[in-house]
Amino acid sequence: MSNLKRAYNFNAGPGALPLEVLQQAQAELLDFSGTGMSVMEISHRSKEFESVIQTAEADLRELLGIPSNYKVMFLQGGATLQFAMLPMNLRATGSADYIVTGTWSKTALKEAKKLGAAREAANTEAEGFNSLPAKLDLDPKAAYLHFTANETIHGVEYFSEPTPPDGVPLVCDTSSDFISRPIDVSKYAMLYAGAQKNAGPSGVTVVIIRDDMLERTPANLPVMLDYKTLAASGSLHNTPPSFAIYIVGLVFKWAKKIGGLAAVEKINRTKADLVYKTIDESGGFYRGHTKPEARSLMNIPFRLPTEELENTFASDAKKNNLIGLKGHRSVGGMRASIYNAVTVEGAQELVRFMKEFQTKNG
Ligand code: PMP
């Protein structure tokens with residue numbers, strides 16, 4: 001492994017995984033836990049896999065401080081399936097409120113509207129999805145209030161939760177800032193996150209839901225869309241994405257080992273500060289998309305003076321082993337995704353390259 005060449009990976013998702021986690025998975029691949037089989041080849045009902053899923057849940061509970069009256073589920077279908085499952089399970093005949101701050105919350109609302117009543121509590125699209133809403137128009141009788149903690153494409157992040165009216169449950173899509181910093185889970189009725197940004201490979205979605213919410217699930221939902229059944233089975237109603245759950249478990253262990261979410265946040269702030277400082281000190285050569293108060297610690301979209309320079313930036317970056325910096329096709333420009341597994345060294349390499357590129361082309 002001496003000639004191992006790892007990329008500086010700024011992909012938006014699937015994104016970087018900790019090297020240690022990959023190495024452990026590699027070491028255990030052919031013989032998991034003395035079974036003589038890989039974790040992919042053993043029964044999801046075996047005691048070895050039971051330990052994998054139970055340890056993953058216990059470690060996540062510890063990392064996030066999840067209270068005992070919440071269930072943790074490891075589901076399939078991505079965060080996109082949650083856009084539909086959430087209203088199917090928790091809305092009953094009422095209407096749900098959505099705060100629209102970017103492409104993902106807009107998509108979540110669109111999906112909810114297909115199945116019943118949903119309304120916008122705010123929408124920042126007219127300003128280009130570059131900030132958090134100044135005020136909310138909240139329905140005091142809403143079935144729930146949904147927001148997207150971090151808009152992956154627009155780089156807009158909430159650092160304190162919006163406050164719903166009394167008695168209205170708060171629901172959060174935390175796909176792209178999951179386990180990136182401590183949060184107070186007790187403020188939420190439900191959180192969900194596709195794993196493939198901060199927590200593991202694609203194929204598993206983590207859902208954290210307060211017990212009382214499960215009482216809302218209607219009686220005749222198809223079983224794979226039914227939170228109550230899935231929660232009662234411990235995510236083992238059918239064959240779960242066992243390899244993805246195994247990797248997610250290794251990532252939770254890694255996050256605990258490096259000091260838990262307070263330590264993870266500190267590293268994430270160091271990386272984000274490096275990149276934002278470089279943007280701010282570039283004299284307008286680099287232009288950040290997001291207003292300073294809503295700047296994401298995870299995804300940093302920015303523009304260069306011309307599209308031509310943006311293309312050159314992306315290809316020169318690649319030659320420097322800096323991968324995944326092209327912005328989302330819907331907004332263009334560049335985007336640096338600096339998820340948990342991106343190292344401070346990776347961020348330093350990126351800003352070194354940004355400064356050098358500006359000197360050459362500015
Ligand atoms: N929500 C957010 C915030 C996302 O970033 C994404 C994926 N980029 C999704 C939802 C959709 O996730 P999935 O691809 O897992 O369905």
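Residues numbered from 1 in each chain as written. Predicted model: local features only at pLDDT ≥ 70, side-chain atom pairs only at ≥ 80, totals over all residues. Heavy atoms only, no water.

**Let's talk about the sheet that holds strand 11 (residues 287–288)**
- Here three strands make up an open sheet; going across it, the order is 11-12-14 and the pairing antiparallel. What marks the edges here is a single partner per strand, and that holds for strand 11 and strand 14 (334–337).
- Two elements, strand 11 and strand 12 (residues 299–303), share two bridges in a ladder whose sense is antiparallel. Within strand 12, the position partnered with Arg287 by the bridge is Arg303.
- Packed onto the sheet, helix 7 (residues 260–280) meets strand 11 and strand 12 and runs at close to 15 degrees relative to strand 12. (Pairing = 2+ DSSP bridges. Helix = DSSP H or I, 4+ residues; strand = E, 2+ residues; numbered from the N terminus. Contact = heavy atoms within 4.5 Å. Axes fitted to C-alpha atoms, helices over the stretch in contact; angles between N-to-C directions.)

**So, the pairing of strand 14**
- Residues Met334 and Ala336 of strand 14 are buried on one face, and the alternating residues Arg335 and Ser337, pointing to the opposite face, are buried as well.
- Bridge analysis of strand 12 against strand 14 gives four bridges, and the strand direction is antiparallel. Within the sheet, the bridge partner assigned to Ile300 lies in strand 14 and is Ala336. (Buried < 20%, exposed > 50% of the residue type's maximum accessible area, 1.4 Å probe, protein only.)

**What about the packing of aromatic side chains?**
- The full count for this structure, using the stated rule, is 15 aromatic pairs.
- Taken together, a centroid distance of 5.9 Å and an interplanar angle of 70 degrees make the contact between Tyr98 and Tyr144 edge-to-face. Of the two residues, Tyr98 sits in strand 3 (residues 95–100) while Tyr144 sits in the loop between strand 4 (117–123) and strand 5 (145–148), which places them 46 residues apart along the sequence.
- On the numbers, 6.4 Å between centres and 45 degrees between planes, the contact of Phe285 with Phe357 is tilted. (Phe/Tyr/Trp six-rings, centres within 6.5 Å; stacked < 30°, edge-to-face > 60°.)

**Let's talk about the site of the ligand**
- Looking at the ligand, there are 13 residues lining it, with Thr80, Thr152, Asp173, Gln196 and Lys197 nearest.
- In the model, an oxygen atom of the ligand is placed 2.9 Å from a nitrogen or oxygen of the Gln196 side chain.
- At a separation of 2.8 Å, a nitrogen atom of the ligand approaches a polar side-chain atom of Lys197.
- The leading source of residues in the shell around the ligand is helix 3 (residues 78–90), at four residues.
- Classifying every residue of the shell around the ligand by side-chain character gives three nonpolar, eight polar and two charged. (Near = heavy atom within 4 Å. Polar contact = N/O pair within 3.5 Å; in protein donor to acceptor, adjacent residues only side chain to side chain. Nonpolar A, V, L, I, M, F, W, Y, C, P; charged D, E, K, R; others polar.)

None of the figures reported here should be taken as evidence of function without further support.
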